[in-house]
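Summary of the model geometry
One letter stands for each residue in the lines below.
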Amino acid sequence: NGFPDQASRLEYMRFEAEAERIKAMPPPPPIHHLVQRQQAMIDAAQKLNLPPNPLDDLIFRLGGETQVAELTGRSGRILKYDTATKKKQDQEQYFHYVRRVQESSNNSKTFGLSIPKSSE
C-alpha cells in the first residue's frame, strides 16, 4: 500500500479529505481596498512613458526582424506591426520554407542522398 504503517496511511487520508474540502469552498470575497490599490498601481504603470527596449528599438530602426538577425539568444522580442501585414509575412515565410525544403530534397537526390519522409 506504500505506507510504512497504518498511522501514516490514516494521516495521509485525513490530509486528502481536508484538501478536497478546501478545494470545494467558494473563493473568498475580494478585499475592496486591496482591489482599489491594485487598480491604482495598474493605472500608474500604464501612464509611465518608458523608453523602448534598446535591442528591439535598434532592430526596428534597422529595418525590422526581417532585415536584422537575432543573435542574442532571446526567446522573444517586441514587434511593431499590424496583424494583417504580419499574417501575410507569416504565410510568405511558410511558403518560402516549404520551397527550400523541396529544393534541398531535389538537390539531395541529384547527389544520391535520400531524405526519409516525415512520419506525420
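This text gives an overview of the structure that appears in the document. Just so it is clear, the model here is predicted, and its values are computed rather than measured. (Residues numbered from 1 in each chain as written. Predicted model: local features only at pLDDT ≥ 70, side-chain atom pairs only at ≥ 80, totals over all residues. Heavy atoms only, no water.)

1. Some points on the overall build of the chain
A tally of regular secondary structure across the chain gives 4 helices and 0 strands. Counting from the amino terminus, helix and strand elements in the chain follow one another as α-α-α-α. The buried share of the chain, reckoned over its 120 residues, is 5%. When the accessible area of the chain is evaluated, it comes to approximately 11300 Å², of which 59% is carbon and sulfur surface. (Helix = DSSP H or I, 4+ residues; strand = E, 2+ residues; numbered from the N terminus. Buried < 20%, exposed > 50% of the residue type's maximum accessible area, 1.4 Å probe, protein only. Areas by Shrake-Rupley, 256 points an atom, 1.4 Å probe, with all protein chains shown as cover.)

2. Topic: the packing of aromatic side chains
Summed over the entire model, instances satisfying the criterion amount to 1 aromatic pair. Geometrically, the ring pair formed by Phe-3 and Tyr-12 is tilted, given 5.3 Å between the ring centres and 45° between the ring planes. Here Phe-3 falls in the partly exposed class, since its relative accessible area comes to 29%. Lying over the aromatic face of Phe-15, Arg-14 brings its terminal NZ or CZ to 4.7 Å of the ring centre. (Phe/Tyr/Trp six-rings, centres within 6.5 Å; stacked < 30°, edge-to-face > 60°. Lys NZ or Arg CZ within 6 Å of the ring centre and 35° of its normal.)

3. Examining the environment of Val-68
With respect to the helices, strands and loops of the structure, Val-68 is situated in the loop between α3 (54-61) and α4 (83-110). The spacing of Val-68 and Leu-58 is 10 residues in sequence and 9.3 Å in space, taken between C-alpha atoms. Apart from residues lying up to four places away in sequence, Val-68 is in contact with Ile-59 and Leu-62. (Contact = heavy atoms within 4.5 Å.)

4. Considerations on a nonpolar patch on the surface
Residues Leu-10, Tyr-12 and Met-13 make up a contiguous nonpolar surface patch of about 300 Å² in total accessible area. On the secondary structure map, Tyr-12 appears in helix α1 (residues 6-24). (Patch = residues over 30% accessible without salt bridge, like charges linked within 9 Å, V, L, I, M, F, W, Y side chains within 5 Å. Salt bridge = Lys/Arg side-chain N within 4 Å of Asp/Glu carboxyl O.)

5. Quick word on the pattern of salt bridges
Going through the model one piece at a time under the given rule, you end up with 3 salt bridges. Close ionic contact of Arg-21 with Glu-18 constitutes a salt bridge, the shortest N to O distance being 2.7 Å. One end of the pair, Arg-21, and the other, Glu-18, are both in helix α1, 3 residues apart, so they sit about a helical turn from each other. With its nearest N and O atoms 2.9 Å apart, the salt bridge here joins Asp-57 to Arg-61. Separated by 4 residues within a single helix, Asp-57 and Arg-61 lie in helix α3, roughly one turn from each other.

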